[in-house]
Amino acid sequence: ANTVTLDSTLSCTDNECDADALRVVQVSVGIHYEYVRPPCVEQAFYANAKKVIFKDRQLDSSCANPLLPYASEACCEGQQDTVAERYPGYLYDQERVLYSTAGSRCDAIGMGSCDFNSIEGIDKHKKGYHWTTDGCAIQVKINAIGQIALVYEPDSY
């Protein structure tokens, strides 16, 4: 595997300075660097978990740490709105942001975060979770032989 080690911290430029997380960076014409997060470096249990939905409530939902860039924003006209939309000024396709960034982006366009049913305007082949306003409990279950599994319990389904 190819590994790149930087001798110093590089300064960001332009809109990359506004991103919560960069996954791919173009270092020169036709050459890109992809950052792959190391596995198993996050706590399994954390405070104030938020529910995230996979662009449609019927497809998948999970819990996420609001202090990590885990999902994209989903903006609604009001809390009872069931169809959300992406912030039009997102920095790159399938960008992941902090929960607070998602809320700020929705506020900037006169909308708010919400617990939505679906997001309009997203191509079917694009994947990724989107923040909701619902909380989420993280629990553990243990079977008879001592194996454990995490169980996510959102405030609503």
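These remarks concern the structure in this document. In this text, all values refer to a predicted model and were calculated from it rather than measured experimentally.

## Side note on the state of the cysteines
The final tally for this structure, using the stated rule, is four disulfides. Covalently, Cys63 is tied to Cys136 through a disulfide, its sulfur atoms 1.7 Å apart. Between Cys63 and Cys136, the disulfide has an S-S torsion of -65° and is therefore left-handed. With Cys63 in strand S4 (residues 61-64) and Cys136 in strand S9 (residues 130-142), the pair connects residues that are 73 residues apart, well separated along the chain. Here Cys76 pairs with Cys114 through a disulfide, and the sulfurs are 1.8 Å apart. Of this pair, Cys76 sits in strand S5 (residues 75-76) while Cys114 sits in the loop between strand S7 (112-113) and strand S8 (118-120), and the two are 38 residues apart along the sequence. The exposure classification of Cys76 matches that of Cys114, with both residues buried. By sequence order of its bonded cysteines, the protein has the disulfide arrangement 1-2, 3-8, 4-6, 5-7.

## Things to note about the sheet that holds strand S10 (residues 148-154)
For sheets, the rule is that strands pair by backbone hydrogen bonds, running either parallel or antiparallel. The four strands are arranged S4-S3-S9-S10 in an open sheet whose pairing can be described as antiparallel. At either margin of the open sheet sits one strand with a lone partner, and together these are S4 and S10. Sheet twist, expressed as the mean angle between neighbouring strand axes with direction ignored, is 50°. Relative to S4, strand S3 (residues 50-53) runs antiparallel, the two being bridged by four bridges. Within the sheet, the bridge partner assigned to Ile53 lies in S4 and is Ser61.

## Considering the environment of Phe116
Note on placement: Phe116 falls in the loop between S7 and S8. Expressed as a C-alpha distance, the spacing of Phe116 and Ala44, which sit 72 residues apart in the sequence, is 26 Å. Ignoring anything within four residues of it in the chain, the contact list for Phe116 reads Ile53, Lys55, Arg57, Ala74, Cys76, Asp81, Thr82, Ala84, His130, Trp131 and Thr132.

## Observations concerning the environment of Val140
Note on placement: Val140 falls in strand S9. Along the backbone, Val140 and Glu85 are 55 residues apart, and their C-alpha atoms lie at a distance of 33 Å. Beyond its immediate stretch of four places on either side in the chain, Val140 contacts Phe45, Ile148 and Ala149.

## Here we look at the layout of surface pockets
To find leftover empty space, a probe the size of one water molecule is rolled over the atoms. Considered as a void within the structure, the largest pocket measures approximately 560 Å³ in volume. For the largest pocket, the lining is made up of 19 residues, of which Leu6, Leu10, Val25, Val27 and Tyr33 are closest to its centre. Among the elements of the structure, strand S1 (24-28) and strand S2 (31-34) are those that each provide at least two residues to the lining of the largest pocket. Element by element, the count of residues in the lining of the largest pocket is highest for S2, at four residues. By residue class, the composition of the lining of the largest pocket is twelve nonpolar, three polar and four charged. Roughly 380 Å³ of internal volume is contained in the second largest pocket. If you trace the second largest pocket, you find 19 residues lining it, with Arg37, Glu42, Leu68, Pro69 and Tyr70 closest to the centre.

The rules behind the values
- Residues numbered from 1 in each chain as written.
- Predicted model: local features only at pLDDT ≥ 70, side-chain atom pairs only at ≥ 80, totals over all residues.
- Heavy atoms only, no water.
- Disulfide = S-S within 2.5 Å.
- Helix = DSSP H or I, 4+ residues; strand = E, 2+ residues; numbered from the N terminus.
- Buried < 20%, exposed > 50% of the residue type's maximum accessible area, 1.4 Å probe, protein only.
- Pairing = 2+ DSSP bridges.
- Axes fitted to C-alpha atoms, helices over the stretch in contact; angles between N-to-C directions.
- Contact = heavy atoms within 4.5 Å.
- 1 Å grid on protein atoms, 1.4 Å probe; cavity = no way out; pocket = protein on both sides within 12 Å on 5 of 7 lines; lining within 4 Å.
- Points joined across faces, edges and corners; volume = space filled by probe spheres on them.
- Nonpolar A, V, L, I, M, F, W, Y, C, P; charged D, E, K, R; others polar.

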